[in-house]
Amino acid sequence: MSMLNVIRQFRDLLLRKVLYRRYSIAEGFHAGLRVRIWGRDKVVIGRNFYIGRDSFIEADVVIGDNVMFGNRVAIVGRYDHHYQLPGVPIRLAPQVRDPKYNWKGIGLVTTIEDDVWIGYGSTVMGGVTIGEGSIIGAGSLVTKDVEPYSIYAGVPAKKIRGRFDNAVDLQTHLKLVKSKYYGKL
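Below or above, wherever it landed, is the structure these notes cover. (Residues numbered from 1 in each chain as written. Predicted model: local features only at pLDDT ≥ 70, side-chain atom pairs only at ≥ 80, totals over all residues. Heavy atoms only, no water.)

Points about the pairing of strand β17 (residues 158-162)
Applied cut-off: Strand pairing is assigned whenever DSSP detects at least two bridges linking the two strands. Going along the chain from the N terminus, every DSSP run of H or I of four or more residues is numbered as a helix, and every run of E of two or more is numbered as a strand.
Bridge count for strand β16 (residues 150-153) against β17 is four bridges, and the pairing is antiparallel. Residue pairing for β17: Ala153 is matched across the bridge by Lys158. Linking β16 to β17, which pair antiparallel, is a turn of four residues; within it Gly154 sits at a positive phi near 110°.

Some thoughts on the pattern of salt bridges
Operational definition: Here, a salt bridge means any Lys or Arg side-chain nitrogen found within 4 Å of an Asp or Glu carboxyl oxygen. Three labels apply to residues, based on accessible area from a 1.4 Å probe with only protein chains included: buried if under 20% of the type maximum, exposed if over 50%, partly exposed otherwise in between.
Applying the stated criterion to the full structure yields eleven salt bridges. Here Glu58 ties to Arg36 by a salt bridge, and the two come within 3.8 Å at their closest N and O atoms. Of this pair, Glu58 sits in strand β6 (residues 56-58) while Arg36 sits in strand β3 (residues 36-38), placing them 22 residues apart in sequence. Between Glu58 and Arg97 there is a salt bridge, and its shortest N-O distance comes to 3.6 Å. With Glu58 in strand β6 and Arg97 in the loop between β9 (74-76) and β10 (110-112), this residue pair connects regions lying 39 residues apart in the sequence. Assessed through its relative accessible area of 42%, Arg97 is described here as partly exposed. Each member of the salt-bridge network shares a partner with another, and the members are Arg36, Glu58 and Arg97.

Any link to function would need more than the numbers given here.
Okay, structure coming up:
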């Protein structure tokens, strides 16, 4: 193993066990440079997660196994500032990071199921579920739930097509990865 790989593994271990110790992050975590992760109440990340450089998570999330984010991917909340307080400018309004924040967005969790790839520069809004095996095209804005084993792209993201070209390949894949969707899609 090269010295560079040893350094990367050590850095990823430090991030998991020290910087992000308050969160549940499984083995196989790798983060590019300048990554930030924050969740008010919950950040759960499964095995073999890759998050590219300059990406950030700033919302409560549950991320499955074998998920990868390209560079500059963001997961953001929908209601980070209480913008409906009469007489209070948005800049001075309570924000989700405040301990006493009690407005919209509390308890909103973004779910990214297993085997998902989110492309470069995409943004995922809080509370969305991205179904297992899906792909989000580069530069997309995900505002609604994404069907499993589908490719979505655009602003806002819309379904482009299924991930596999035919049902046989899809079912073979679902069986081999022991998917909860085997025989259901």
